[in-house]
Amino acid sequence: MKAVHTPEMESSSAVHMDDAEFERWVRLLESRTGVTVPPERKPFLVTGLRRRMREIGHSAFGTYYEELLDGARGAVEWAALVDHLTVHETHFFRHLPSLELIRDEWLPHWLASTPADQSLHALSVGCSTGEEAYSIAMVLDAALSQLVPPRHFGITAADVSQSALAVAKRAVYPGDRLAEIPRPYQAEAIEPEPGGQFRVSARIRKRVGFACVNLLHAARAPLRKLDLIYCQNVLIYFARDRRGELLDGLARLLRPDGLMVLGPGEVTGWSHPQLLRYGGRQTLAFLRKPQETQA
Ligand SMILES: C[S@@+](CC[C@H](N)C(=O)[O-])C[C@H]1O[C@@H](n2cnc3c(N)ncnc32)[C@H](O)[C@@H]1O
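I will try to describe carefully the structure that is included in this document. (Residues numbered from 1 in each chain as written. Predicted model: local features only at pLDDT ≥ 70, side-chain atom pairs only at ≥ 80, totals over all residues. Heavy atoms only, no water.)

## Observations concerning unusual backbone geometry
Stage number 1. A cis amide bond, omega -10 degrees, links V148 with the succeeding residue P149.
Stage number 2. As for its position among the elements, P149 is in the loop between helix 7 (131-144) and strand 2 (153-159).
Stage number 3. With a phi angle near 65 degrees, A171 is a residue other than glycine that sits in the positive phi range.
Stage number 4. Examined against the element boundaries, A171 turns out to sit in the loop between helix 8 (162-170) and strand 3 (172-173).
Stage number 5. With relative accessibility at 0%, the residue A171 sits in the buried group.
Stage number 6. Unlike most non-glycine residues, D257 shows phi in positive territory, near 70 degrees.
Stage number 7. On the secondary structure map, D257 appears in strand 8 (residues 254-262). (Helix = DSSP H or I, 4+ residues; strand = E, 2+ residues; numbered from the N terminus. Buried < 20%, exposed > 50% of the residue type's maximum accessible area, 1.4 Å probe, protein only.)

See the structure below:
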């Protein structure tokens, strides 16, 4: 049933957000993005909403809510709002042990168990402004390009936020972020830009394609079968009971001997009949069983 908003309600909801209003915004956000907002994060939700409402001249949560449900116009505005309500914090080489696991343990295994002409396809889910996908590309490029013959690879980097993806595609970052990239990778992966900024090199950029994909629908997205899925600092924003379902969907996209890398501690108690826990305690990763051992 559609909620009815009187002028009195509007003026009070412009000043503060009561519990009922908060709950319907939480439900909307959760049903459309999967992201859950617990009561202690209400200030984050309210601040994000107010910022966006100010930008477009809305003063009341109620009318703004109605606008978001309004057909195509609402869909366009929803995409803009999502940028204000999602956390985009990220770094290059954010979780080094995970990248080392890929480079030192999984990659040798994958190379030994796949035909020499098979290319590697990876997915970075919740890639934000691109640093994660470019870090994976730097690691894979350094490891695979020196092989004779070299193995090809490509990365699809997906996020629900259009503004984060725009930054990712541009691949230009402030100079102080350079320190996040280990020196051995910098020579091949970085090009200086005016104003002390740097750009990820064309060599690395051409390996990464960006797509606006909602993790809730990732299992249904037209993605090819994957060898590597990297999903860190995204599931933490989803309700606990939903995380398992999402991981089941991602697991279906993995090829035999493929690896799914999550952030340590991001899920507990999840398992999958076709996946084996992989790597040590510093990481949280799962290997899809080789073809012959699959039931
Ligand atoms: C905190 S950032 C993490 C970035 C990167 N994975 C890392 O670990 O540095 C979380 C990202 O997840 C994205 N996100 C949130 N909900 C999503 C969804 N339903 N589908 C796809 N991406 C989502 C946000 O837009 C944001 O860019």
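After that view of the structure, there is still more to cover.
## Observations concerning the environment of L215
Stage number 1. Positionally, L215 belongs in the loop between strand 6 (208-212) and strand 7 (226-231).
Stage number 2. Sequence spacing of L215 and P150 is 65 residues, and the spatial spacing of their C-alpha atoms is 32 Å.
Stage number 3. Among all residues touching L215, those that are not within four sequence positions of it are V125, V234, L235, F238, L246 and L250. (Contact = heavy atoms within 4.5 Å.)

## Brief notes about the layout of surface pockets
Stage number 1. There is about 410 Å³ of room inside the largest pocket.
Stage number 2. Along the wall of the largest pocket there are 30 residues; nearest its centre are V87, G126, D159, V234 and Y237.
Stage number 3. Counting residues per element, the ones that place at least two in the lining of the largest pocket are helix 2 (19-33) and strand 2.
Stage number 4. Grouping the constituent residues of the lining of the largest pocket by class yields 16 nonpolar, nine polar and five charged.
Stage number 5. Composition of the lining of the largest pocket by domain shows at least three residues from each of domain 1 (7-85) and domain 2 (96-293). (1 Å grid on protein atoms, 1.4 Å probe; cavity = no way out; pocket = protein on both sides within 12 Å on 5 of 7 lines; lining within 4 Å. Points joined across faces, edges and corners; volume = space filled by probe spheres on them. Nonpolar A, V, L, I, M, F, W, Y, C, P; charged D, E, K, R; others polar. Domains from an automatic or database assignment.)

## Details of the nonpolar core
Stage number 1. One finds W25, L45, L49, L215, L250, M260 and L262 to be the most contacted residues of the largest nonpolar core, which totals 47 residues.
Stage number 2. Per element, the largest residue contribution to this core is five residues, and it comes from helix 2.
Stage number 3. Both of domain 1 (7-85) and domain 2 (96-293) provide at least three residues apiece to this core.
Stage number 4. Grouped together as the second largest cluster of nonpolar side chains are 42 residues, L144, A157, A171 and L228 included. (Core = buried A, V, L, I, M, F, W, Y, C linked by side-chain atoms within 4.5 Å.)

## Notes on the site of the ligand
Stage number 1. As a matter of local geometry, the ligand sits amid 22 residues, with T90, R94, E132, D159 and L215 nearest to it.
Stage number 2. Contact between the ligand and G126: a nitrogen atom at 2.8 Å from a main-chain N or O atom of the residue.
Stage number 3. Within the backbone of L215, an N or O atom sits 2.7 Å from a nitrogen atom of the ligand.
Stage number 4. Considered on its own, the ligand offers 600 Å² of accessible surface; in the complex 99% of this is hidden by protein.
Stage number 5. According to the grid-proximity analysis, the pocket containing the ligand is the largest pocket. (Near = heavy atom within 4 Å. Polar contact = N/O pair within 3.5 Å; in protein donor to acceptor, adjacent residues only side chain to side chain. Areas by Shrake-Rupley, 256 points an atom, 1.4 Å probe, with all protein chains shown as cover. Sits in = over half its atoms within 2 Å of the grid points.)

## Observations concerning the pattern of salt bridges
Two side chains carrying opposite charge are able to pair once their charged atoms lie near each other.
Stage number 1. Within this structure, the stated rule accounts for 13 salt bridges.
Stage number 2. One salt bridge in this structure joins R205 and E191, with 3.9 Å as the shortest N-O distance. Here R205 is found in helix 10 (residues 202-205), whereas its partner E191 is found in strand 4 (residues 190-192), with 14 residues between them in sequence.
Stage number 3. A network of salt bridges, in which partner residues are shared, links E21, R24 and E66. (Salt bridge = Lys/Arg side-chain N within 4 Å of Asp/Glu carboxyl O.)

## Describing helix 3 (residues 42-56)
Stage number 1. Its 15 residues place the ends of helix 3 21 Å apart at the C-alpha level, agreeing with the 21 Å of an ideal helix rising 1.5 Å per residue.
Stage number 2. Here helix 3 has its buried residues at K42, L45, V46, G48, L49, R52 and M53. For helix 3, the buried positions fall inside an angular range of 165 degrees around the axis, keeping them on one side. Turned more than 90 degrees away from the buried face of helix 3, the exposed residues are P43 and R54.
Stage number 3. At the exit of helix 3 stands G57, carrying a positive phi of roughly 75 degrees. (Expected span 1.5 Å × (residues − 1). Arc of directions from axis to C-beta.)

## Here we look at the packing of helix 3 against helix 5 (residues 71-85)
Stage number 1. At their nearest, the axes of helix 3 and helix 5 sit 9 Å apart, and the two run at 135 degrees to each other. Considering their axes alone, helix 3 and helix 5 lie oblique with respect to each other. For the pair helix 3 and helix 5, the sense of crossing is right-handed. The residues of helix 5 that touch helix 3, namely those facing F44, L45, G48, L49, R51, R52, E55 and I56, are E77, A80, L81, H84 and L85.
Stage number 2. Of the residues that constitute the contact of helix 3 with helix 5, the class distribution is seven nonpolar, two polar and four charged. (Axes fitted to C-alpha atoms, helices over the stretch in contact; angles between N-to-C directions. Parallel < 35°, antiparallel > 145°, perpendicular 65-115°, else oblique. Left-handed = near helix turned anticlockwise from the far one by under 90°.)

## So, the packing of helix 2 against helix 3
Stage number 1. At a minimum axis separation of 11 Å, helix 2 and helix 3 run at an interaxial angle of 80 degrees. Compared by their axis directions, helix 2 and helix 3 come out roughly perpendicular. Along the contact surface, helix 2 presents D19, F22, W25, V26 and L29, while helix 3 presents K42, L45 and L49.
Stage number 2. Among the residues making up the contact of helix 2 with helix 3, the classes are represented as six nonpolar, no polar and two charged.

No statement about biological role is implied by the geometric values presented.
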